[in-house]
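Take a look at the letters that make up each chain.
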Amino acid sequence: MLVAFVSFTLASVLIVLLPGPDSLVVVRGLVRGGRAGGARTAAGVLCGLVVWIVATALGLSALLRASQVGYDVLKIAGACYLLWIGARSLLSVRRTQAEVAVEGDGPMAPAPMLGGSGFGAGFLTDILNPKVGVFFVSFLPGFVPGGYSVGWTTLALGAWFAVLTALYFVGLIALSATVSAWMVAPRIRRRLDTLTGLVLVGFGLRLATEG
């Protein structure tokens, strides 16, 4: 079991560190709401992970993997959501540019966006991505040693994966304190909104077109 746990931990750390929609939406939360906004977004992502982990332990994700219709429906919903918040980021750049032209280059208040930032954004970004469920149902059971309960061991490994993800987000949020003043500068924030908007749109298109 120790060998399986260490192997799982090393593989999980590499996966957690890979940039993806979850990480990007947390960074977006940091840009728009500071450390509190990033923490709320990270909490949403983690709650989405918990749902997928429990579903995997119960065998529900295996049903999603077997059902092409269910997978496609969730995939299109997730792609549409990523495209929507990406487009809203790009539109917010135009709005803030207009504000700066009228009011000067002063502090900007975050644009109110339904599900665009905070807990809802993190949760929906994770829960509407069927690849997360397929990943868990394909990845976690492979580290269950022979003779151990698949359900309970999968749940324990999934919980550890969530802990590693949480530690990553804690580090990301803590690190943001050193660049918080830089991140809220109007010109830098417009560039970050543009970059995150384009990347989110790219993730949405990729999710929609991949099999």
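## Remarks on the side chain of Thr165
No. 1: In this structure, Thr165 sits in helix H7 (residues 150-176).
No. 2: When neighbours within four sequence positions are excluded, Thr165 is seen to be in contact with Val16, Leu46 and Leu49.

## Things to note about the packing of helix H1 (residues 2-17) against H7
No. 1: Contact geometry for H1 and H7: axes closest at 10 Å, N-to-C directions at 40 degrees. Taken together, the axes of H1 and H7 are oblique relative to one another. Taken as a pair, H1 and H7 cross one another with a handedness that is right-handed. Each of Phe5, Phe8, Thr9, Ser12, Val13, Ile15, Val16 and Leu17 in H1 lies in contact with H7, whose residues at this interface are Leu157, Trp160, Phe161, Leu164, Thr165 and Tyr168.
No. 2: Residues belonging to the contact of H1 with H7 are distributed by class as follows: 11 nonpolar, three polar and no charged.

## Points about the side chain of Ser23
No. 1: Locating Ser23 in the fold gives a position in helix H2 (residues 21-58).
No. 2: With near-sequence residues (within four places) excluded, Ser23 lies in contact with Val16, Leu18, Tyr168 and Phe169.

## Things to note about the packing of aromatic side chains
No. 1: As enumerated under the stated definition, the model contains three aromatic pairs in all.
No. 2: Seen from their ring centres, Phe119 and Phe123 are 6.2 Å apart, and the 10 degrees between their planes marks the pair as stacked. Of this pair, Phe119 and Phe123 both sit in helix H5 (residues 119-127), four residues apart, which is roughly one turn of the helix.
No. 3: With centroids separated by 5.5 Å and ring planes inclined at 45 degrees, the aromatic side chains of Tyr168 and Phe169 adopt a geometry described as tilted.
No. 4: A relative accessible area of 22% places Tyr168 in the partly exposed class.
No. 5: A residue is classified by how much of its surface remains accessible, and Phe169, at 2% relative accessible area, is buried.

Quick notes on the rules
- Residues numbered from 1 in each chain as written.
- Predicted model: local features only at pLDDT ≥ 70, side-chain atom pairs only at ≥ 80, totals over all residues.
- Heavy atoms only, no water.
- Helix = DSSP H or I, 4+ residues; strand = E, 2+ residues; numbered from the N terminus.
- Contact = heavy atoms within 4.5 Å.
- Axes fitted to C-alpha atoms, helices over the stretch in contact; angles between N-to-C directions.
- Parallel < 35°, antiparallel > 145°, perpendicular 65-115°, else oblique.
- Left-handed = near helix turned anticlockwise from the far one by under 90°.
- Nonpolar A, V, L, I, M, F, W, Y, C, P; charged D, E, K, R; others polar.
- Phe/Tyr/Trp six-rings, centres within 6.5 Å; stacked < 30°, edge-to-face > 60°.
- Buried < 20%, exposed > 50% of the residue type's maximum accessible area, 1.4 Å probe, protein only.

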